[in-house]
Amino acid sequence: MKYKRVKGTRDILPDEWLIKDYIEGVVKETAYAFGYREITTPILEDTGLFIHSVGDSSDIVTKEMYTLQDKGGRDLVMIPEGTAGVCRAYLENKMTVWPKPVKLFYLQRLFRYERPQKGRYREFSQFGVECFGSKNPLADAEIISLANTILKNLKFDSLELHINSLGCPTCRKDYREALVTHFSENKQHLCEDCQDRLSKNPLRILDCKVRSCRPYIDDTPKMKDYLCEECKTHFNQVLELLASMDISFVVDDKLVRGLDYYSRTVFEIISKDLGAQGTVLGGGRYDGLIHRELDGPETPSMGFAMGIERITMLLQNKVEELDLRNPNPDIYISNFGGETAMLSLKIAQDLRQNGVKVWVDLESKGMKKVFDLAEKRKASYLLVLGEDELKTGKCSIRRLSDRTDFNVELQKISLFFDKE
Ligand code: HAM
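Every value quoted in this text rests on a predicted model; they were computed, and no experiment measured them. (Residues numbered from 1 in each chain as written. Predicted model: local features only at pLDDT ≥ 70, side-chain atom pairs only at ≥ 80, totals over all residues. Heavy atoms only, no water.)

Asker: Would you mind going over the site of the ligand with me for this structure?
Answerer: The immediate surroundings of the ligand are formed by 27 residues, with Glu81, Glu114, Tyr121, Glu130 and Tyr262 found nearest. A distance of 2.6 Å is found between a nitrogen atom of the ligand and a side-chain nitrogen or oxygen belonging to Glu81. Looking at the shell around the ligand, the elements with two or more residues in it are β6 (123–132), β10 (279–285) and β11 (301–307). Considering each element in turn, the shell around the ligand owes the most residues, 6 residues, to β10. Looking at the shell around the ligand, its residues break down into 11 nonpolar, 9 polar and 7 charged. (Near = heavy atom within 4 Å. Polar contact = N/O pair within 3.5 Å; in protein donor to acceptor, adjacent residues only side chain to side chain. Helix = DSSP H or I, 4+ residues; strand = E, 2+ residues; numbered from the N terminus. Nonpolar A, V, L, I, M, F, W, Y, C, P; charged D, E, K, R; others polar.)

Shown next as structure tokens:
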């Protein structure tokens, strides 16, 4: 074969699409139930948008962006995440004057130049939500409840919610200093990335997966001991609200997230069945992003995004429990060419207008093969149109499950399916 897929990308074949379609239906339905409205932003955005929002010390910006220059010399990026583009769209489309909070959701394809492995691709899809304009802990709790409801509606019951507070820029400054002091003593033992993080963003060291770094991470100072009164109250209220909705959670001191825009609440939902790439969904508050980094008005905001491929992988093990679209034809119509072919297309058209799924043989096949093919296509009924049917205006429709034949007038085939 001359050409192959680009490394880290995937072809989504029809069976996977059935699951993806189902997921998309559930997430949209649930998001609308929480008052969210859909938005799509472009795949291409200004590179600067991500440097300023996701952060110039994040892995996404330093290592993973697909950047390009267009013919007009513009520096563009194939978006690595959805939040920054939605924030840009919020400002550019003057949604700042809409009644608050503004609640938006998206289904988006994203690109990150990561090391591909199971559950981690260079092109992938996310369902995400962003809620602009509320700093109330109720907003945090409602968003987490949305994530939880989506996963329940997708029939998951054993996922774990991890939550933490990263505080505000003021209290985080003290925490940052405490981390620098703590890690500086063992700087030479940290991996190269962490040595770099120590000066740029020491919080990210807590997230390091390199085994040799773990012993130095286990006994680090904890953010919760550095939270200011306001951040502490906010976090406690979020936890209380979650408990009042019977949403169980684990407070995870090491949860810092890989994007620089977060403040206060951050959370992830994790599956044990996906190995190393077990995070199915992650998000948090980003109260400073719109004002500080994008020159917009003060807009406390929060959101999360869910990896569609990871959810699909988990659902693949239980497709029988899901209400997936059935792609199989209700009826398979075969013919002997000429006028019988014309008639099959006409009958198919009438049936399809009435919502019946029809497979018409586009090449006439021998009688022997037709039964086999109809069964292979998993059709429910078979109709073979020949000269006799043309002459008499009647046909025999076979139910393939029990091989029962029904005599039906050609004019009344739609009626027959209405009754079946
Ligand atoms: P994120 O944690 O980078 O957050 O991504 C969210 C989810 O996308 C992950 O939990 C994972 O399920 C999926 N994901 C990430 N990278 C890949 C990949 N390479 N291959 C397959 N799936 C992947 C964000 O993107 C934030 N924008 C979320 C957010 C929205 N925060 C606030 N609002």
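Asker: Would you take a moment to explain the sheet that holds strand β16 (residues 404–409) for this structure?
Answerer: Think of a sheet as strands paired side by side through backbone hydrogen bonds, with each pair either parallel or antiparallel. In space, the 5 strands of this open sheet follow the order β13-β12-β14-β15-β16, with mixed pairing throughout. This sheet does not close on itself; its edge strands, each paired only once, are β13 (358–360) and β16. Put simply, the sheet's adjacent strands are angled 25 degrees from each other on average, direction ignored. Where strand β14 (residues 381–385) and strand β15 (residues 394–399) come together, 3 bridges link them in antiparallel fashion. Its bridge partner being in β15, Tyr381 is matched across the sheet by Arg399. The strands touched by helix α12 (residues 338–353) within the sheet are β12 (331–335), β13 and β14, with β12 carrying the most contacts at an inclination of about 160 degrees. (Pairing = 2+ DSSP bridges. Axes fitted to C-alpha atoms, helices over the stretch in contact; angles between N-to-C directions. Contact = heavy atoms within 4.5 Å.)

Asker: What's the story with the domain arrangement of the chain in this structure? I'm lost.
Answerer: Many structure descriptions define interface size as the accessible area lost when the parts assemble. Partitioning the chain into domains gives domain 1 (14–168 + 228–321) and domain 2 (331–419). Measuring from the centre of the C-alpha atoms in domain 1 to the corresponding centre in domain 2 gives 49 Å. (Domains from an automatic or database assignment.)

Asker: Would you mind showing me how to read empty space enclosed by the protein here?
Answerer: Where empty space is left becomes clear once a probe the size of a water molecule has been rolled over the atoms. Under the defined criterion, the tally for this structure stands at 1 cavity of 30 Å³ or more. Here the largest cavity is characterised by a volume of approximately 50 Å³. Considering the residues around the largest cavity, the lining is formed by Arg10, Ile12, Arg109, Glu123, Phe124, Ser125 and Glu309. No other element matches β6, which puts 3 residues into the lining of the largest cavity. (1 Å grid on protein atoms, 1.4 Å probe; cavity = no way out; pocket = protein on both sides within 12 Å on 5 of 7 lines; lining within 4 Å. Points joined across faces, edges and corners; volume = space filled by probe spheres on them.)

Asker: For this particular structure, what's the right way to read the environment of Arg377?
Answerer: Turning to its location among the elements, Arg377 is positioned in the loop between α13 (367–376) and β14. Residue class for Arg377 comes out partly exposed when judged on its relative accessible area of 38%. For the pair Arg377 and Asp260, spaced 117 residues apart in the sequence, the C-alpha separation amounts to 51 Å. Ignoring any residue separated from it by four or fewer positions in sequence, one finds Arg377 in contact with Asn328, Pro329, Tyr332 and Trp359. (Buried < 20%, exposed > 50% of the residue type's maximum accessible area, 1.4 Å probe, protein only.)

Asker: Even after reading the chapter, I still don't get the layout of surface pockets, so can you show me in this structure?
Answerer: Its boundaries defined by the atoms lining it, the second largest pocket holds a volume of some 590 Å³. Arg172, Arg176, Asn201, Asp260 and Tyr262 are, among the 26 residues lining the second largest pocket, the residues nearest its centre. Contributions of two or more residues to the lining of the second largest pocket are made by α2 (47–53), α6 (169–184) and α10 (289–293). Looking at which element gives the most residues to the lining of the second largest pocket, the answer is α6, with 4 residues. Looking at the lining of the second largest pocket residue by residue, the classes come out as 9 nonpolar, 7 polar and 10 charged.

Asker: Hey, could you run me through the pairing of β14 in this one?
Answerer: Side-chain positions along a regular strand alternate between the two faces of the sheet. Counting buried positions along β14 gives 5 out of 5 residues, so the element sits mostly inside the fold. Residues Tyr381, Leu383 and Leu385 of β14 are buried on one face, and the alternating residues Leu382 and Val384, pointing to the opposite face, are buried as well. Sheet topology places β12 next to β14; 5 bridges connect them, and they run parallel. Residue pairing across strands places Ile333 opposite Leu383, the latter belonging to β14.

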